[in-house]
Amino acid sequence: PIRNLLQEIPNLVFTLKPCFMMSPLTVSQYIDPKKIQFDVVVFDEASQIMPEDAVPCLIRAKQAIIMGDTQQLPPTSFFLSQDDEEVEEEIEDLESFLSEASTKFRTKSLDWHYRSRNENLIAFSNRFFYENRLITFPNPKIHDQSGLDIVYVKKGVYDRGKSRKNTEEAKVVVETYRKIKKEYPKDSIGIIAFSIPQQNAIGEAFQVAGIVIEETVDPQNEDLCIKNLETVQGDERDIIILSVGYGKDSSGKLSYNFGPLNREGGYKRLNVAITRSRFKTIVVTSILPEELDNDKLNAEGVKHLKNYLDYAKTKDF
């Protein structure tokens, strides 16, 4: 999206001297506003930038282009915590630079969707989160439903009272990964867990299986990654495996506490997770949509989860 937008700006951007690609914090640390000014500053993923972090960049520029998606994650207190598991239920969504800027600057909607090679991967979000505004590329085959699959883990048990892990589902995630890796050896794969404990359970299952996961902070590196709803924004892979994790406990009772999805704006986390893949998404779940009682679905994010599970199962709205 940045490349397409910059091409619409007359030579100004491309003749900048100097030109930098830096985080707002780095700009504050290393760019002296008395010595270096910019003709244009471009903010990417502005929905995750806090207003106070953006101001030092703004005062160094004559113009600003602020890019972001209001239907994705705002800044959260997640990265301010030292203990991820303990604070998952207490994560607070913060005000974003994008939301503040949208009330002051004129806006331009970028409606062309390029990431998904299969229309099924974006159709759900397009309908429920973007008002069918996105312009997509139809599948080459009229009835091509290969982009979205669901794997039901019948024996999956969610340890609601203690670890908050679903170890059986984590094992199925590893099995699914092995199968996909063999079937699509050249495609990159990412795994997204709907909670931090489930992310840890999957990591442990990979260790037991003897599969080494290389940790990297390089966004250009598309080795296997295992992330959660709070940390996956900005990433993409050819194939994404989603692990819902939540489900019935050992006594067969289903709790309607779905962690981050229960909070206000939790649907944005779901939207981020289900739009990370280019070619295929596989949903691994221990609950089926028909097991979720509509009368007990109070959170918007959980209502959308049920709708998404139903869509993954039927490929129909």
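Residues numbered from 1 in each chain as written. Predicted model: local features only at pLDDT ≥ 70, side-chain atom pairs only at ≥ 80, totals over all residues. Heavy atoms only, no water.

## Quick look at the nonpolar core
Right, on to step 1. Within the largest apolar cluster, 37 residues are counted, with the highest numbers of intra-cluster contacts made by Phe194, Leu242, Phe258, Leu261, Val283, Leu292 and Leu305.
Right, on to step 2. Taken together, the elements giving at least two residues each to this core come down to α6 (120-128), β6 (237-243), α9 (267-274) and α10 (300-314).
Right, on to step 3. It is α10 that contributes the most residues to this core, 6 residues altogether. (Core = buried A, V, L, I, M, F, W, Y, C linked by side-chain atoms within 4.5 Å. Buried < 20%, exposed > 50% of the residue type's maximum accessible area, 1.4 Å probe, protein only. Helix = DSSP H or I, 4+ residues; strand = E, 2+ residues; numbered from the N terminus.)

## Points about the layout of surface pockets
Right, on to step 1. In this structure, the second largest pocket encloses a volume near 220 Å³.
Right, on to step 2. Lining the second largest pocket we find 15 residues, and of these Pro74, Asp93, Leu94, Ser96 and Lys268 sit closest to its centre.
Right, on to step 3. Considering only residue class, the lining of the second largest pocket consists of 4 nonpolar, 6 polar and 5 charged. (1 Å grid on protein atoms, 1.4 Å probe; cavity = no way out; pocket = protein on both sides within 12 Å on 5 of 7 lines; lining within 4 Å. Points joined across faces, edges and corners; volume = space filled by probe spheres on them. Nonpolar A, V, L, I, M, F, W, Y, C, P; charged D, E, K, R; others polar.)

## Quick notes on the confidence of the model for the chain
Interpretation of this model should avoid reading the predicted coordinates in detail wherever pLDDT is low.
Right, on to step 1. Across the chain, pLDDT averages 87, with 85% of residues at or above 70.
Right, on to step 2. Predicted confidence for residues 10-16 stays below pLDDT 50, and this span has 9 contacts to residues more than four positions away or in other chains. (pLDDT = per-residue confidence, 0-100. Contact = heavy atoms within 4.5 Å.)

## Description of the sheet that holds strand β5 (residues 225-228)
Right, on to step 1. In space, the 5 strands of this open sheet follow the order β3-β7-β6-β4-β5, with parallel pairing throughout. On the outer flanks of this sheet lie β3 (148-152) and β5, each paired with one strand and no other. The mean inter-strand angle of the sheet, taken between neighbouring strand axes irrespective of direction, is 20 degrees.
Right, on to step 2. In this sheet, strand β7 (residues 277-285) lies alongside β3 in parallel orientation, the contact comprising 5 bridges. Following the sheet pairing, Tyr152 is matched in β7 by Thr285.
Right, on to step 3. Relative to β5, helix α8 (residues 196-208) is tilted by about 160 degrees, and along the sheet it contacts β4 (189-193), β5 and β6. (Pairing = 2+ DSSP bridges. Axes fitted to C-alpha atoms, helices over the stretch in contact; angles between N-to-C directions.)

## Observations regarding the packing of aromatic side chains
Right, on to step 1. This structure, assessed with the given rule, holds 15 aromatic pairs.
Right, on to step 2. An angle of 35 degrees between the planes, with centres 5.8 Å apart, marks the rings of Trp112 and Phe137 as tilted. One end of the pair, Trp112, is in the loop between α5 (97-101) and α6; the other, Phe137, is in the loop between α6 and β3, and 25 residues separate them in sequence.
Right, on to step 3. By relative accessible area, which is 41% here, Phe137 ends up partly exposed. (Phe/Tyr/Trp six-rings, centres within 6.5 Å; stacked < 30°, edge-to-face > 60°.)

## Details of the environment of Lys280
Right, on to step 1. Following the sequence through the fold, Lys280 ends up in strand β7.
Right, on to step 2. Spatially, the C-alpha atoms of Lys280 and Asp187 are 10.0 Å apart, while their sequence positions differ by 93 residues.
Right, on to step 3. Setting aside residues no more than four positions away along its own chain, Lys280 makes contact with Leu121, Ser146, Gly147, Asp149, Ile180, Tyr184, Asp238, Ile239 and Ile240.

## Focus on α6
Right, on to step 1. Within α6, 7 of the 9 residues are buried, which leaves it mostly tucked inside the rest of the structure.
Right, on to step 2. Among the residues of α6, those classed as buried are Asn120, Leu121, Ile122, Ala123, Phe124, Ser125 and Asn126.
Right, on to step 3. On its buried side, α6 packs onto β3, α9, β7 and α10.

## Overview of the pairing of strand β1 (residues 38-43)
Right, on to step 1. As defined by bridge partners, β1 adjoins strand β2 (residues 61-66) across 5 bridges and the pair is classed as parallel. Opposite Val41, over in β2, you have Ala64 as the bridge partner.
Right, on to step 2. A crossover links β1 with its parallel partner β2, the connecting element being helix α3 (residues 51-58), and its sense is right-handed. (Right-handed = clockwise from strand over helix to strand, strands pointing away.)

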